[in-house]
Amino acid sequence: MGEFFKMAWHNMWRNWRRTAIAASAIVLGLILMLFIEGMIRGSDQGIYGNSVRLYGGNVQVHAPGFRPKADRLPLLPLENPDAVVATLQAEPGVVSVAKRISTGGLVSTRAGSFPVKITAIEPAVEEPHSLQAENITAGRFLLENEGDAVVIGQGLADELKVTAGDRVTLVGRSKQENMRQRSMTVVGIFDLGMADAEKGLVFITLPEAQSLYGLRDQATEVAVLLDTVGQENTVLPQYAAALPNYEVDSWMTLNPEIGETLAMKSVFTNIFGLVVLMIAGIGILNLMLMAVFERTREMGVLAALGMKSRQIMGLFLLEGAMIGAGGGLIGGILGWAVVWAVGQVGFDLSYASGMGEMTALMGSRLYPSITFFDVAWRWVAVTLIATLAALFPAWQAARKEPAAALHHI
């Protein structure tokens, strides 16, 4: 076997230009594949990360009975929310834990009344991680323990015909299902580039909501922000075991329509990645086919010297695998380096603002990223492509009689 490898290695470099061309095609193809994979993964991370920040944390804890009524946002107070917060803060990977009150209501001015989701928050806890706070375009975000203040989206502000400093009327249901209303000052307006989301979200402080809805020192929700997007299903059993008397759900479970949209986007990006892989594979296949067909006479010489057909096929398949593996290794290293370098500065996406919810959720900059697994499996893929590219011509040439192969032009 060692002699077989030596022969394959020697044959590779007898025509080093041909080998270099084939290897270069593999290197460039793999760099392209990894770069596009990095862009897709970076966009996914941006979309998932901003969706989590938009819709209230990776994980949410509610009182028993919330799930069946989740679409109505019932006011079901948590038993001892401070204990829930303390328990979750002790878990690894937790960035922040915040108490909230979330319910449905109306906001109105002379321009009309519009249904909204009213979210009461602790500004000091949530502002550092809030997508809305990051995108305030008029006024400011909420202050801790501030009353008579509301932050709304630009889409809703346009419908209400208000700006920062104007007054609106906020209407909601109390714990006893009584209607409560309060005149509030719009202290800030956020612009996410997503008109639908902006029209349906308003924010007030937790003490204000506790007073408005008769929930003194209570909360209906605890939102958990994790340091890594996508690990919700991993930590849910752990959190549920630590909080047996509560309902623990991921944001995807409570917002299935967002999950469906993201799943559809993932399908399209995966198809696009597969198309790129196929294009690169065809290029590699073409070069390897040319390289092996050019050596048909060489195969005839080997057969005339007594080498069996399966040995000839094995030799050329080994050469194809070695070219693919070597080119794939270099391409994997260079591709990872390119993605890493671009990921340090990111791509400016500000020009794409207003082009749709998915684009808006990516944020103003896209940071490509790939993992070791991404590099490894694509290295395996191009090695297999290069090997398979050598299979058909080697099989055909190995079947020829030595005399016919020696006369091949």
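Residues numbered from 1 in each chain as written. Predicted model: local features only at pLDDT ≥ 70, side-chain atom pairs only at ≥ 80, totals over all residues. Heavy atoms only, no water.

Engineer: Help me out: how do you make sense of the overall build of the chain in this one?
Structural biologist: Along the backbone of the chain there are 16 helices and twelve strands. Within the span of the chain, comprising 409 residues, buried residues form 49% of the whole. Residue pairs in contact within the chain that sit at least 24 positions apart in sequence constitute 77% of those at least 6 positions apart. Total accessible area on the chain stands at roughly 19,800 Å², and carbon and sulfur atoms take up 61% of it. (Helix = DSSP H or I, 4+ residues; strand = E, 2+ residues; numbered from the N terminus. Buried < 20%, exposed > 50% of the residue type's maximum accessible area, 1.4 Å probe, protein only. Contact = heavy atoms within 4.5 Å. Areas by Shrake-Rupley, 256 points an atom, 1.4 Å probe, with all protein chains shown as cover.)

Engineer: Before we go on, may I ask you to explain the confidence of the model for the chain in this structure?
Structural biologist: Close inspection of predicted coordinates is inappropriate for parts of the model with low pLDDT. Of all residues in the chain, 82% have pLDDT values of 70 or greater, and the mean over the chain is 81. Between the elements of the chain, mean pLDDT differs from a low of 58, seen in helix H14 (residues 357–362), to a high of 94, seen in strand S5 (residues 149–153). (pLDDT = per-residue confidence, 0-100.)

Engineer: What is the right way to look at the pairing of strand S10 (residues 247–250) in this model?
Structural biologist: The side chains of a regular strand alternate between both faces of the sheet. The alternating pattern of S10 places Glu-247 and Asp-249 and Val-248 and Ser-250 on opposite faces, both of which are buried. When strand S1 (residues 59–62) meets S10, the two strands line up antiparallel, connected through four bridges. Counterpart to Gln-60 in the pairing with S10 is Asp-249. (Pairing = 2+ DSSP bridges.)

Engineer: Explain the packing of aromatic side chains here, please?
Structural biologist: According to the stated counting rule, one finds two aromatic pairs in the structure shown. Arranged with centres 6.1 Å apart and planes meeting at 70°, the rings of Phe-190 and Phe-203 form a pair that is edge-to-face. Here Phe-190 is found in strand S7 (residues 179–190), whereas its partner Phe-203 is found in strand S8 (residues 201–205), with 13 residues between them in sequence. Looking at Phe-190, the relative accessible area reads 0%, which means it is buried. (Phe/Tyr/Trp six-rings, centres within 6.5 Å; stacked < 30°, edge-to-face > 60°.)

Engineer: For this particular structure, what's the right way to read the environment of Ala-98?
Structural biologist: For Ala-98, the location among the structural elements is in strand S2 (residues 94–109). Judged by its relative accessible area of 3%, Ala-98 falls in the buried class. Along the backbone, Ala-98 and Pro-123 are 25 residues apart, and their C-alpha atoms lie at a distance of 9.3 Å.

Engineer: What's the story with the pattern of salt bridges in this structure? I'm lost.
Structural biologist: Any two side chains of opposite charge can pair, on the condition that their charged atoms come close. Counting across every chain of the model gives nine salt bridges. With its nearest N and O atoms 2.6 Å apart, the salt bridge here joins Glu-146 to Arg-140. By relative accessible area, which is 14% here, Glu-146 ends up buried. Classification of Arg-140 by relative accessible area gives partly exposed; the value is 32%. A salt bridge links Asp-148 to Arg-167; the shortest N-O distance between them is 2.9 Å. (Salt bridge = Lys/Arg side-chain N within 4 Å of Asp/Glu carboxyl O.)

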